[in-house]
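Now for the letters of each chain:
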Amino acid sequence: MTQLTLQRLRDSLKGTPYEGKVYLVGGYVRDKLLGRPLPSDIDLVLEDDALQLAQFLFEQGIAEHHPVTYPRFGTAMVHVEGALVELATARAESYHDQSRKPEQVRPATLLEDALRRDFTVNTLLENLHTGEILDPLGVGIADLEAKILRTPRDPHETFYEDPLRMLRAARFAAQLGFTIDPPAYQAILEQAERLAIVSVERIQTEFTRLMDSPEAHIGLQMLLDTRLLHQFGQPLLPMVGCTQNEYHLYDVWEHSLKTVEFIDPSGLEMPAWELRLAALLHDVGKPATRTVDEDGEVHFYEHDRVGAEIAAQWLRSLRYSNSTIERVSKLVKLHMRPGFHTPEWSDSAVRRLIRDAGELLEPLLRLSQADIQAQRQDVPHANLNALREHIRRVQATQPKEKWQSPLTGKQIMERFGLKPSPLVGQIKNYLEEQVLEGNLASDDVKNAWRLAEEFLRRYGT
């Protein structure tokens, strides 16, 4: 899609005053030179009015919609051939102490525009028409080859203006396998607390991008070492140094990072970053539930339930969507279940696991596998291959659609003269449990009424 978009832009601007004056900039140029997969969106810059260029593309039928413009910043966004294209007028900026949004913006040269960017490797330009690579600062290509993240100006100034760039440093270093230049690293250590002026939504977006990377575990450790994590991830900090039992080589934090590292999200409908979030948070409840018995044994009773509550609360504070919070916290709550599988597990226990996990069954198994990999390998663990086979056997015997109560809530209320209440749900759940146990067929209405009456006699009011 990206190449089709670029060709459409080249063709549309050929023979116009814009030909040869528009440049690709940022991640596209950097990743192309590194031989990495190219981003799906495109950033363009020119020493001219980007808003007029965006309008021109719209009037020529190249842009798929009227430009979304930000006149104060000299930027506009359009879609061309399905790809997002951001156009920017080369600019210089000045900032207020308590905001990462520029206070003053003025048109500038490509060199001045490069100086305002986050890192030298993101200042490289590629002429849209000629393909010529420009290195405005004269150090971008060298830093790219040396795999160094360096700021275009004094790093204290660069990070002070926009503290979010410190999070980006950790993400880029992890994703690209780069080293943060020592002066830049020191500036992050000194200014980490300034992240407080950045909106939660921006932090969440940048953190999500980090978690979407296979190298997320490296970036997470950087966030901890630089104290950036202290600014928005306080519920995670008690995991650091929280020692575990004999099944583990690492403390809770190190074990969690190993679990993130071992996660295999391939082929899942669930976003990779959500599954890695679940891996990061699966033991977040351990510090709060850690106990030591009289024999010196360490226990974490109910850490799965407590962890699910902590995870949901933290993700809510970062303004994640309800659907993400629900999926991640559910995986945290269930993460222990597959690990207890033994040959003695009954079919009904497997049916309950399938029912309770629902669409998250495969992500749950992937999480459990990564969790086991992150533990000591010289101690016995559940055989997840055997569990998968058990699941297949149970599903082949009876599809989960058959694991329902033979009676609906409405039927129960009408038969027994009940109003909507928890009791109705309890009766229905009891009947479903009997189906899962194999004591009742999902279409056996006669025996379902008998069991419902017995339940009412024992527990009803």
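What counts and what doesn't
- For every chain, the first residue of its written sequence is number 1, and the numbers climb from 1 along that sequence.
- In keeping with the model being predicted, local features are shown solely for residues with a pLDDT of at least 70 and side-chain atom pairs are shown and tallied solely at 80 or more, while totals for entire chains, interfaces and linings include all residues.
- Side-chain measures were taken over the full set of non-hydrogen atoms in the model, leaving aside hydrogen atoms and water.
- Each residue gets one of three labels from its accessible area relative to the maximum for its type: buried under 20%, exposed over 50%, partly exposed in between, using a 1.4 Å probe on protein chains only.
- Per the convention used, a helix needs a DSSP run of H or I reaching at least four residues, while a strand needs a run of E reaching at least two, with both numbered from the N terminus.
- For two strands to be treated as a pair, DSSP must find no fewer than two bridges joining them.
- What counts as an axis is a line fitted to C-alpha atoms, over the stretch in contact for a helix, and the angles between N-to-C directions run from 0 to 180 degrees.
- If an angle is under 35 degrees, it is roughly parallel; if it is over 145, roughly antiparallel; if it lies from 65 to 115, roughly perpendicular; otherwise it is oblique.
- Should the near helix be turned counterclockwise from the far one by less than a right angle, the crossing is left-handed, whereas a clockwise turn marks it as right-handed.
- Throughout, a residue-residue contact means that at least one pair of heavy atoms, one from each residue, lies within 4.5 Å.
- The definition of a polar contact used here is a pair of N or O atoms within 3.5 Å, where within protein one atom must be able to donate a hydrogen and the other to accept one, and adjacent residues in sequence count solely through side-chain atom pairs.
- Centres within 6.5 Å are what make two rings of Phe, Tyr or Trp a pair, Trp counting through its six-membered ring; a difference in plane orientation under 30 degrees is then read as stacked, over 60 as edge-to-face, and the rest as tilted.
- A positively charged side chain is recorded as over a ring if its NZ (Lys) or CZ (Arg) lies within 6 Å of the ring centre. The angle to the ring normal must also be within 35 degrees.
- Within the patch definition used here, like charges are joined within 9 Å and nonpolar side chains (Val, Leu, Ile, Met, Phe, Trp, Tyr) within 5 Å, considering only residues with over 30% relative accessible area and no salt bridge.
- Surface accessibility follows the Shrake-Rupley procedure with a 1.4 Å probe radius. Residue values consider only the protein chains on display as shielding.
- Salt bridges are counted wherever a side-chain nitrogen of Lys or Arg sits within 4 Å of a carboxyl oxygen of Asp or Glu.
- To estimate the expected span of a helix, subtract one from its residue number and multiply by 1.5 Å.
- By construction, the arc corresponds to the directions joining the helix axis to the C-beta atoms.
- In these notes, a set of buried Ala, Val, Leu, Ile, Met, Phe, Trp, Tyr and Cys residues joined through side-chain atoms within 4.5 Å is what counts as a nonpolar core.
- When residue character is reported, Ala, Val, Leu, Ile, Met, Phe, Trp, Tyr, Cys and Pro are called nonpolar, Asp, Glu, Lys and Arg charged, and the others, Gly included, polar.

> How should I be thinking about the pairing of strand S1 (residues 22-25) in this particular structure?
The two faces of the sheet receive side chains in turn, since in a regular strand these alternate between them. The side-chain alternation of S1 yields two buried faces, one formed by Val 22 and Leu 24 and the other by Tyr 23 and Val 25. The pairing of S1 with strand S2 (residues 42-46) spans three bridges and is antiparallel. Across the sheet, Val 22 pairs through a bridge with Leu 46, a residue of S2. Relative to strand S8 (residues 125-127), S1 runs antiparallel, the two sharing three bridges. When the sheet's bridge partners are listed, Leu 24 is paired in S8 with Glu 126.

> Can you walk me through the packing of helix H12 (residues 252-262) against helix H18 (residues 361-373) in this structure?
Two quantities define a packed helix pair, namely the angle between the axes and the distance from one axis to the other. The interhelical angle for the contact between H12 and H18, taken along N-to-C directions, is 125 degrees, at an axis separation of 8 Å. The angle between the axes of H12 and H18 places the two elements in the oblique class. Between H12 and H18 lies a crossing of right-handed hand. Across the interface between the two elements, His 255, Thr 259 and Phe 262 from H12 touch Leu 367, Ala 370, Asp 371 and Gln 373 from H18.

> Explanation requested: the side chain of Thr 226 in the structure shown.
Checked against the element boundaries, Thr 226 lands in the loop between helix H10 (216-225) and helix H11 (229-232). Side-chain polar atoms of Thr 226 contact the backbone oxygen of Met 222, separated by 2.7 Å. The contacts of Thr 226, once residues within four sequence positions are left out, are Tyr 185, Ile 188, Leu 189 and Ala 192.

> Help me out: how do you make sense of the packing of aromatic side chains in this one?
The relation between two aromatic rings is expressed through the spacing of the ring centres and the mutual angle of the planes. Following the criterion strictly, the structure yields eight aromatic pairs and no others. Considering the side-chain rings of Phe 119 and Phe 172, the 6.0 Å spacing of their centres and the 90 degrees angle between planes classify their relative orientation as edge-to-face. Placement of the pair is Phe 119 in the loop between helix H4 (110-115) and S8 and Phe 172 in helix H7 (residues 164-176), with a sequence separation of 53 residues. Between the aromatic rings of Phe 207 and Trp 314, the centroid separation amounts to 5.8 Å while the plane-to-plane angle is 80 degrees, which identifies the pairing as edge-to-face. Taken together, the residues span a long stretch of sequence, with Phe 207 in helix H9 (residues 200-211) and Trp 314 in helix H15 (residues 303-317) at a distance of 107 residues. Overall, Trp 314 belongs to the buried group, its relative accessible area being 3%. Ring pairs connect the aromatic residues Phe 119, Phe 159 and Phe 172, which therefore count as one cluster. The ring centre of Phe 172 lies 4.6 Å from the NZ or CZ of Arg 171, which sits over that ring. Here Arg 415 stacks its cationic end above the ring of Trp 449, 4.3 Å away from the centre of that ring.

> What's the story with a nonpolar patch on the surface in this structure? I'm lost.
Side chains of Leu 33, Ile 133 and Ile 141 sit close together on the surface and give an oily, nonpolar patch of about 200 Å² of accessible area. With respect to the helices, strands and loops of the structure, Ile 141 is situated in helix H5 (residues 140-146). Using a relative accessible area of 31% as the deciding quantity, one classes Ile 141 as partly exposed.

> In this structure, what is going on with the sheet that holds strand S9 (residues 133-134)? I would like to understand it.
Within a sheet, neighbouring strands are paired by backbone hydrogen bonds and run either parallel or antiparallel to one another. With mixed pairing, the seven strands of this open sheet are ordered in space as S3-S4-S5-S2-S1-S8-S9. A strand with exactly one partner marks an edge of an open sheet, and here the two such strands are strand S3 (68-70) and S9. Seen against the sheet, helix H2 (residues 27-34) touches S1, S8 and S9 and runs at an angle of roughly 65 degrees to S1.

> Teacher, can you tell me more about helix H22 (residues 445-459) here?
Side chains that are three or four residues apart share a direction in an α-helix, a result of its 3.6 residues per turn. Its 15 residues give H22 an end-to-end C-alpha distance of 21 Å, which sits within 8% of 21 Å, the value for a rise of 1.5 Å per residue. Listed in full, the buried residues belonging to H22 are Ala 448, Trp 449, Leu 451, Ala 452, Phe 455 and Leu 456. Looking straight down H22, one finds its buried side chains confined to an arc of 165 degrees; they lie on one side. Those residues of H22 that are exposed and angled more than 90 degrees off the buried face are Lys 446 and Arg 457. Taken together, the buried residues of H22 touch helix H20 (409-416) and helix H21 (422-437).

> Would you explain the pattern of salt bridges in this entry?
Pairing between side chains of opposite charge can happen when their charged atoms approach one another. Summed over the entire model, instances satisfying the criterion amount to 32 salt bridges. Between Arg 355 and Glu 432 there is a salt bridge, with the nearest N and O atoms lying 3.1 Å from each other. One end of the pair, Arg 355, is in helix H17 (residues 347-357); the other, Glu 432, is in helix H21, and 77 residues separate them in sequence. When its relative accessible area of 14% is taken as the criterion, Glu 432 is described as buried.

> I would appreciate a short explanation of the nonpolar core in the present structure.
Within soluble globular proteins, side chains that are nonpolar tend to cluster in buried spots. Core analysis: the biggest nonpolar cluster contains 108 residues, and Phe 207, Leu 220, Leu 223 and Phe 232 have the highest contact counts within it. With nine residues, H7 is the single largest residue contributor to this core. Formed by 15 residues, the second largest nonpolar core is a distinct cluster that contains Val 424, Tyr 430, Val 435 and Ala 452.

> I keep staring at the packing of H7 against H9 and nothing clicks. Help me out?
Packing of H7 against H9 brings their axes to within 9 Å, and their N-to-C directions diverge by 5 degrees. By the angle class used here, H7 and H9 are roughly parallel. Seen from H7, the contacting residues are Leu 164, Leu 167, Arg 168, Arg 171, Ala 174 and Gln 175; seen from H9, they are Arg 202, Ile 203, Glu 206, Arg 209 and Leu 210. Classifying every residue of the contact of H7 with H9 gives five nonpolar, one polar and five charged.

> Which parts of the structure should I look at to understand the side chain of His 390?
Note that His 390 resides in helix H19 (residues 384-397). Apart from the residues lying within four places of it in its own chain, the contact partners of His 390 are His 341, Trp 345, Ser 346, Asp 347 and Val 350.

> Is there a simple way to explain the pairing of S2 in this structure?
For S2, the buried fraction is high: four of the five residues fall into the buried class. In this structure, S2 lies alongside strand S5 (residues 83-89), joined through five bridges in parallel fashion. Paired with Val 45 across the bridge in S5 is Ala 88.

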